[in-house]
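Structural overview for review
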Amino acid sequence: MIVTIDGPAGAGKSSIARQVADRLAFDFLDTGAMYRAVTLGCLRAGVDFDDVDALEQFAGCLELRWDDQRIFLNGEDVSEEIRQPEVSAAIGRIADLLPLRARLSEMQRQVAEGRDIVTEGRDQGAEVFPHAECKVFLTASPQTRARRRQLQLSETGVDLSIDEILDAQNRRDLEDTTRDVGRLRAADDAIVVNTDCLSSDEVLQAVLEIIHGVLESRTSKTAS
Ligand code: C5P
């Protein structure tokens, strides 16, 4: 069974998707980590981000591996380093590269092949896994998302104002919702969960209920 969880930055997808996978004993795939690792590779190599051909060529040579919930770039575990703000700021150019999107989408399908998996990103339900049995779209207002991000950052010792966070978030939202392929959107058959007034526990329960509903209807179809 494939469960897709999509939504904008800061909607809480990552932690919810991980917890859902844990509860159901499903595998977990963080597709943003793949785009982040490629971005990190290009930044480290000093590739000119305004040169699309150079980016495409270099990105195509990078070796990526998703293994046990860690992301490896040319064999090195970069799961922590990819969270740096420099990576988030530069990622839009990388996520716009069509050949790279095609390659990463194919890798994502290979990871999911024959498994029960929760996969998280922007385009999972609408483009990468259009036939997934269960699609969830998590969302929240820009203010709520920025406040949550501010809290997360302050826990790691980074203090940014809400305006600074909103600025970067708005930029990324615009990039994510306007690209031609792989843009952030809810699949027509996705269930949208607005998390504005929900605690993370309530979001987890809401998503688990959706999945249990799908599992039950699957069981009753098999029985009849
Ligand atoms: O989810 P996360 O914030 O790590 O994603 C980082 C960026 O990677 C997104 O803002 C988006 O540009 C890109 N991305 C994407 N398609 C995905 C997952 C992430 O384009 N499936």
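Calculation rules
- Residues numbered from 1 in each chain as written.
- Predicted model: local features only at pLDDT ≥ 70, side-chain atom pairs only at ≥ 80, totals over all residues.
- Heavy atoms only, no water.
- Helix = DSSP H or I, 4+ residues; strand = E, 2+ residues; numbered from the N terminus.
- Expected span 1.5 Å × (residues − 1).
- Buried < 20%, exposed > 50% of the residue type's maximum accessible area, 1.4 Å probe, protein only.
- Polar contact = N/O pair within 3.5 Å; in protein donor to acceptor, adjacent residues only side chain to side chain.
- Pairing = 2+ DSSP bridges.
- Axes fitted to C-alpha atoms, helices over the stretch in contact; angles between N-to-C directions.
- Contact = heavy atoms within 4.5 Å.
- Arc of directions from axis to C-beta.
- Near = heavy atom within 4 Å.
- Areas by Shrake-Rupley, 256 points an atom, 1.4 Å probe, with all protein chains shown as cover.
- Nonpolar A, V, L, I, M, F, W, Y, C, P; charged D, E, K, R; others polar.
- Domains from an automatic or database assignment.

Here's the deal with helix H2 (residues 31-45)
Compared with the 21 Å implied by 1.5 Å per residue over 15 residues, the 22 Å span of H2 between its first and last C-alpha is a close match. Of all the 15 residues making up H2, eleven are buried; the element is thus mostly covered by neighbouring parts of the structure. Inspection of H2 places Thr31, Ala33, Met34, Tyr35, Arg36, Ala37, Val38, Thr39, Leu40, Gly41 and Cys42 among the buried residues, and these make up the whole buried set. Measuring from the backbone nitrogen of Gly32 back to the side-chain oxygen at the start of H2 gives 3.1 Å, which picks out Asp30 as the cap. Two residues or fewer after H2 comes Gly46, characterised by a positive phi angle close to 70 degrees.

Regarding the sheet that holds strand S6 (residues 117-121)
Pairing in this open sheet of five strands is parallel, and the strands run S2-S6-S1-S7-S8 from one edge to the other. Strand pairing shows two members of the sheet lacking a second neighbour, strand S2 (27-30) and strand S8 (191-194), which therefore form its edges. With direction set aside, neighbouring strand axes in the sheet form an average angle of 20 degrees. Bridge count between strand S7 (residues 134-139) and S8: four bridges; the pairing is parallel. For Val136, the partnering residue across the bridge sits in S8 and is Ile191. Across the face of the sheet, H2 comes into contact with S2 and S6 while running at roughly 40 degrees to S2.

Looking at the pairing of strand S3 (residues 64-67)
Every second residue of S3 is oriented toward a common face, the buried set being Leu64 and Trp66 and the non-buried set Arg65 and Asp67. In this sheet, strand S4 (residues 70-73) lies alongside S3 in antiparallel orientation, the contact comprising four bridges. Note that in S4 the partner of Asp67 across the bridge is Arg70.

Considerations on helix H8 (residues 162-178)
A rise of 1.5 Å per residue sets the reference length of H8, with its 17 residues, at 24 Å; its end C-alpha atoms lie 24 Å apart and thus fit the reference within 8%. Buried within H8 we find Ile165, Leu166, Gln169, Arg172, Asp173 and Asp176. Buried positions in H8, seen along its axis, are confined to an arc of 135 degrees and lie on one side of it. Turned more than 90 degrees off the buried face of H8, the exposed positions are Asp163, Arg171, Leu174 and Thr178. On its buried face, H8 is in contact with H2, helix H4 (85-95) and helix H7 (142-155).

Some points on the site of the ligand
Taken together, 17 residues surround the ligand, and among them Arg36, Arg101, Asp123, Arg172 and Asp176 come closest. At 2.7 Å from a nitrogen atom of the ligand is found a side-chain nitrogen or oxygen belonging to Asp123. Here an oxygen atom of the ligand sits 2.8 Å away from a polar atom, N or O, in the side chain of Asp176. For the ligand, whose free accessible area comes to 460 Å², the fraction covered by protein is 96%. Elements supplying a minimum of two residues to the shell around the ligand: H2, H4, S6 and H8. Per-element tally for the shell around the ligand: the top contributor is H2, with four residues. In the shell around the ligand, the residues fall into three nonpolar, four polar and ten charged. Each of domain 1 (1-26 + 116-224) and domain 2 (31-115) contributes no fewer than three residues to the shell around the ligand.

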